[in-house]
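In case you want the letters, here they are:
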Amino acid sequence: MTKMNLIAEPGKQEIRVTRVFDAPRDLMFKAYTDPGHISQWWGPRNLTTVIDKMEVKAGGQWRFINRDQQGNEFGFHGVYHAIVSPERIVSTFEFEGTPGHVLLETAVFESLPDGKTRLTVSSVFQSVEDRDAMLNSGMEKGLGETWDRFAELLATLKSASL
């Protein structure tokens, strides 16, 4: 399994995360944008994800709810600004537990040799303080688990399509 690479330069408002997945770009893009697949990979392993809304189109809204084993809910939402299949998604992201701290996220899917795809997600925050708060929240661990789960789903989907 490939390792996730996270770059957060001091004093900048951006986090850039990259990982290579062993799946073709079209399959990855579909798994990333299909509401039927999101709950299988989005979020850490100890949480379940419910898709409240997911309109994958420019101007469309999304809202996901993570639920822990005690029934506590954590909502996230945003708006899709651009969908360029299978290359790029631009959307906003806001954790409902800290309203008003909106970031702009761009996910780029790049085809590589041998049927692999590099996913690069750039998140631009309103301030360095917002960016640092996200980094200090355990985001790296949670995203690592999320992308591990995404790789596992992709392996399953890839096997099913052979």
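Right above here is the structure, for reference.
Each value, and the rule that gives it
- Residues numbered from 1 in each chain as written.
- Predicted model: local features only at pLDDT ≥ 70, side-chain atom pairs only at ≥ 80, totals over all residues.
- Heavy atoms only, no water.
- Salt bridge = Lys/Arg side-chain N within 4 Å of Asp/Glu carboxyl O.
- Buried < 20%, exposed > 50% of the residue type's maximum accessible area, 1.4 Å probe, protein only.
- Pairing = 2+ DSSP bridges.
- Helix = DSSP H or I, 4+ residues; strand = E, 2+ residues; numbered from the N terminus.
- Axes fitted to C-alpha atoms, helices over the stretch in contact; angles between N-to-C directions.
- Phe/Tyr/Trp six-rings, centres within 6.5 Å; stacked < 30°, edge-to-face > 60°.
- Core = buried A, V, L, I, M, F, W, Y, C linked by side-chain atoms within 4.5 Å.
- Contact = heavy atoms within 4.5 Å.

*Asks:* How do you make sense of the pattern of salt bridges when you look at a structure like this?
*Replies:* Any two side chains of opposite charge can pair, given that their charged atoms come close. Under the definition given, this model contains 12 salt bridges. For Asp132, the salt bridge goes to Arg131, with nearest N and O atoms at 2.8 Å. Judged by its relative accessible area of 28%, Asp132 is partly exposed. Overlapping salt bridges bring together Asp52, Arg63 and Glu96 as one network.

*Asks:* Where do I start with the sheet that holds strand 2 (residues 14–21) in this structure?
*Replies:* In a beta sheet, neighbouring strands are held together by backbone hydrogen bonds and run either parallel or antiparallel to one another. The eight strands are arranged 1-2-8-7-6-5-4-3 in an open sheet whose pairing can be described as antiparallel. Strands at the two margins of the open sheet, each flanked by one partner only, are strand 1 (5–7) and strand 3 (48–54). Adjacent strand axes in the sheet meet at a mean angle of 20° when their direction is disregarded. The sheet contact formed by strand 6 (residues 88–95) and strand 7 (residues 103–111) spans six bridges and is antiparallel.

*Asks:* Just to check I follow, could you spell out the environment of Glu9 for this structure?
*Replies:* Mapped onto the elements of the fold, Glu9 is located in the loop between strand 1 and strand 2. On the accessibility criterion, Glu9 (36% relative accessible area) is partly exposed. For the pair Glu9 and Asp34, spaced 25 residues apart in sequence, the C-alpha separation works out to 32 Å.

*Asks:* What am I meant to see in the pairing of strand 6 here?
*Replies:* On any regular strand, side chains alternate: one points to one face of the sheet, the next to the other face. Of all eight residues in strand 6, six are buried; the element is thus mostly enclosed. Bridge analysis of strand 5 (residues 73–84) against strand 6 gives six bridges, and the strand direction is antiparallel. Note on strand 6: the bridge partner recorded for Phe76 is Phe95. Counting the residues between successive antiparallel strands, the hairpin from strand 5 to strand 6 contains three residues.

*Asks:* It is not clear to me how the pairing of strand 2 should be interpreted in this structure. Could you clarify?
*Replies:* Sheet analysis places strand 1 next to strand 2, joined by three bridges and oriented antiparallel. Across the sheet, the residue bridging to Ile7 is Arg16, located in strand 2. In this structure, the hairpin formed by strand 1 and strand 2 is closed by a connection of six residues, where Gly11 is found at a positive phi of approximately 80°. Both strand 2 and strand 8 (residues 117–124) contribute to a ladder of eight bridges, which runs antiparallel. Of the residues in strand 8, the one forming a bridge with Ile15 is Ser123.

*Asks:* Help me out: how do you make sense of the packing of aromatic side chains in this one?
*Replies:* The relative placement of two aromatic rings is captured by the distance of their centres and the angle of their planes. Counted according to the given criterion, the structure contains 14 aromatic pairs. Ring geometry for Tyr32 and Phe109: centres 5.1 Å apart, planes at 85°, overall edge-to-face. Taken together, the residues span a long stretch of sequence, with Tyr32 in helix 1 (residues 25–33) and Phe109 in strand 7 at a distance of 77 residues. The two residues Tyr32 and Phe109 agree in class, both being buried. Taken together, the ring pairs connect Phe21, Phe29, Tyr32, Trp41, Phe109, Trp147 and Phe150 into an aromatic cluster.

*Asks:* Help me understand the nonpolar core in this model?
*Replies:* A general tendency of soluble globular proteins is for nonpolar side chains to be buried together. Tyr32, Leu119 and Phe150 are the most contacted members of the largest nonpolar core, which has 35 residues in total. With eight residues, helix 4 (residues 139–161) is the largest single contributor of residues to this core. Those residues in contact with Phe150 that sit more than four places away from it in its chain are Phe21, Met28, Ala31, Tyr32, Trp41 and Leu119.

By themselves these figures say nothing about function.
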